[in-house]
Amino acid sequence: MQHGRQFFRSSRTLLMGILNVTPDSFSDGGRYRSAEAAVGRGLEMVREGADFIDVGGESTRPGAAPVSESVETRRVLPVVEGLVKRAGVPVSIDTRKPAVARRCLEAGAGIVNDVGGLREPGMAETAADHGAAVVVMHMRGTPSTMQSDTSYADVVSEVTRYLERQAGLARRAGIREVAVDPGLGFGKTAQQNFRLLAGLRGIGEAGYPVLIGPSRKSFLGSLTSGLPVSERLEGTLAAVAAGVMNGAQIVRVHDVGPCRRLLDVLDAVSEAADAR
Ligand code: HH2
């Protein structure tokens, strides 16, 4: 239980380190074959400067096959338990399933990162009952269908409206802390992802902290002839910098050390601007 705790308010930009314990995530799938190895990577990310560790047990890359509740729970629970004991930072559970979220919250996770945006019945209540903070992300449909319709009249205003509606639902369910996320790479063209990064101020206007997750995603490789995942660090850092300068307060990344060093400089510049 994390009642009373504030996760998303900080004078510095917050960094969420990604820990996928899946065989098929697009960039780190299959890397951590035991819970112990995954916990070790989580602890390493804390040393590198992560403020939260986000544990995921189901890949949400375009076209990914869904996994069952029991498989997902078996993947994430021992890792969440290990990190709650040892990490010293809040643990976030990246899931669309209320039952998986509940098991992890009972084990001491403090944040539910829901790429389904609280659409699953019972998810908002589960988070509220455990005093969890929630990240509400925008995605049309599901990971298996999301790339089939990428037509938006105005992507920024449609995503903003959706996030405000789902964040309002979260507050009415009794969730105290809500962050909103435009869902970069989730059912959007490369151009639409760049438009969202440019339009983050509008998304943050309702007052919810904004989280972005551009890390290593394919839209960053799309500007050249298609950079592979292993060559998207600079693109990730550029997207993070642009996002933070446009108002993002939380960033979700794989490459924690380089990103923390980037954020330290950005935060120092913004502090200097405030001090003038
Ligand atoms: N992106 C992914 C997963 N979870 N959560 C939030 N809030 N925002 C995101 O942009 C986001 C997310 C997809 O990336 P990754 O976890 O690296 O890959 P996979 O889904 O293949 O495991």
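Above this note sits the structure.
Let us now look at the packing of aromatic side chains. Under the definition given, this model contains two aromatic pairs. Between Phe8 and Phe52 the ring centres are 6.1 Å apart and the planes differ by 85 degrees, which places this aromatic pair in the edge-to-face class. Of the two residues, Phe8 is situated in the segment before strand 1 (14-20) and Phe52 in strand 2 (residues 52-56); the sequence distance between them amounts to 44 residues. Phe52 gets classed as buried once you look at its relative accessible area, which sits at 2%. With 5.3 Å between their ring centres and 75 degrees between their planes, Phe194 and Phe219 make a pair best called edge-to-face. Note that Phe194 is positioned in helix 6 (residues 190-198) and Phe219 in helix 8 (residues 218-221), a separation of 25 residues in sequence. Phe194 gets classed as partly exposed once you look at its relative accessible area, which sits at 26%. A cation over a ring is seen here: Arg140 above Tyr152, with NZ or CZ 3.8 Å from the ring centre.

A positive phi angle, close to 65 degrees, is found at Leu118, a residue other than glycine. Its place among the elements puts Leu118 in the loop between strand 4 (111-114) and helix 4 (123-129). What makes Leu118 buried here is its relative accessible area of 5%. Phi at Arg216 takes a positive value of approximately 60 degrees, unusual for a residue other than glycine. Mapped onto the elements of the fold, Arg216 is located in the loop between strand 7 (211-212) and helix 8.

This part is about the site of the ligand. Near the ligand there are 18 residues, and of these Ser25, Ser59, Thr60, Asp181 and Lys217 occur at the shortest range. A distance of 3.3 Å separates an oxygen atom of the ligand from a polar backbone atom of Gly213. Note that an oxygen atom of the ligand is positioned 3.0 Å from one of the side-chain N or O atoms of Arg252. Coverage of the ligand by the protein chains reaches 99% of its 480 Å² of free accessible surface. The residue makeup of the shell around the ligand, split by class, is six nonpolar, seven polar and five charged.

What follows is about empty space enclosed by the protein. As enumerated under the stated definition, the model contains one cavity of 30 Å³ or more in all. Considering only enclosed or pocket space, the largest cavity measures out at about 30 Å³ in volume. Contributing to the lining of the largest cavity are Glu58, Thr60, Asp94, Thr95, Arg96 and Val115.

Overall, parallel pairing links the eight strands, which are arranged 6-5-4-3-2-1-8-7 in an open sheet. Each end of this open sheet is capped by a strand with a single partner; those strands are strand 6 (178-181) and strand 7. In terms of strand pairing, strand 1 meets strand 2 through five bridges, oriented parallel. Considered in strand 2, the bridge of Met16 is made with Phe52. The sheet contacts of helix 9 (residues 233-245) involve strand 7 and strand 8 (250-253), and relative to strand 8 the element is tilted by about 165 degrees.

Attention now goes to the nonpolar core. Leu19, Val55, Leu83, Val112, Ile175 and Ile203 are the most contacted members of the largest nonpolar core, which has 67 residues in total. The leading source of residues in this core is helix 5 (residues 155-172), at seven residues. Among residues more than four places away in sequence, those in contact with Ile175 are Leu118, Ala124, Ala127, Ala128, Ala132, Val134 and Ala170. Ala133, Val135, Leu211 and Ile250 belong to the second-largest nonpolar core, a separate cluster that totals 11 residues.

Interaxial distance between helix 5 and helix 6 falls to 9 Å at its minimum, and their mutual angle equals 65 degrees. Put simply, helix 5 runs roughly perpendicular to helix 6. The handedness of the crossing between helix 5 and helix 6 is right-handed. Here Val155, Val156 and Val159 of helix 5 lie close against helix 6, whose contacting residues are Gln192, Arg195 and Leu196.

What follows is about helix 5. Look at helix 5: 26 Å from first C-alpha to last across 18 residues, which is about the 26 Å you get at 1.5 Å a residue. Of the surrounding secondary structure, the elements contacted by the buried residues of helix 5 are strand 5 (133-137), strand 6, helix 6 and helix 7 (200-203). Trailing helix 5 by a residue or two, Gly174 shows a phi angle of about 100 degrees, which is positive.

Definitions and limits used
- Residue numbering note: each chain is counted from 1, following its sequence as written.
- The model is predicted, so local features are restricted to residues of pLDDT at least 70 and side-chain atom pairs to those at 80 or more, both for listing and for counting; the totals for chains, interfaces and linings are taken over all residues.
- Remark: hydrogens and water are excluded; side-chain values derive from all non-hydrogen atoms of the structure.
- In this analysis, rings of Phe, Tyr and Trp, with Trp reduced to its six-membered ring, are considered paired at centre separations within 6.5 Å, and the interplanar angle assigns stacked below 30 degrees, edge-to-face beyond 60, and tilted for intermediate values.
- In this description a helix means any DSSP run of H or I spanning at least four residues, a strand means any run of E spanning at least two, and both kinds are numbered starting from the N terminus.
- When accessible area is computed with a 1.4 Å probe and restricted to protein chains, residues below 20% of their type maximum are described as buried, those above 50% as exposed, and intermediate ones as partly exposed.
- Sitting over a ring, as applied to charges here, requires NZ of Lys or CZ of Arg to be within 6 Å of the ring centre and within 35 degrees of the ring normal.
- Nearness of a residue to a molecule or strand requires only that one of the residue's heavy atoms be within 4 Å of it.
- In protein, a polar contact means a hydrogen-donor-capable atom and an acceptor-capable atom, both N or O and within 3.5 Å, with residues adjacent in sequence counting only if both atoms are side-chain atoms; elsewhere, any N or O pair within 3.5 Å suffices.
- All accessibility values rest on the Shrake-Rupley procedure with a 1.4 Å probe; residue burial counts only the protein chains present in the view.
- As a working rule, the residues Ala, Val, Leu, Ile, Met, Phe, Trp, Tyr, Cys and Pro are called nonpolar, Asp, Glu, Lys and Arg charged, and the rest polar, with Gly in that last group.
- A cavity, in this analysis, means grid points on a 1 Å lattice covering only the protein atoms where a 1.4 Å probe fits yet has no way out; a pocket is instead an open set bounded by protein on both sides within 12 Å along at least five of seven lines, and a residue lines either one if it has an atom within 4 Å of a point.
- Grid points are joined across faces, edges and corners, and a volume is the space filled by probe spheres set on the points.
- We call two strands paired when DSSP finds no fewer than two bridges between them.
- Contact definition: two residues touch when any of their heavy atoms are within 4.5 Å.
- Every axis in this analysis is a line fitted to C-alpha atoms, fitted for helices over the stretch in contact. Angles between the N-to-C directions lie between 0 and 180 degrees.
- Among buried residues, those of type Ala, Val, Leu, Ile, Met, Phe, Trp, Tyr and Cys that are joined through side-chain atoms within 4.5 Å constitute a nonpolar core.
- Orientation categories follow fixed angle ranges, with anything under 35 degrees roughly parallel, anything over 145 roughly antiparallel, 65 to 115 roughly perpendicular, and all other angles oblique.
- The crossing is said to be left-handed when, going from far helix to near helix, the turn is anticlockwise and less than a right angle, and right-handed when the turn is clockwise.
- A helix is expected to reach a length of 1.5 Å times the quantity of its residues less one.

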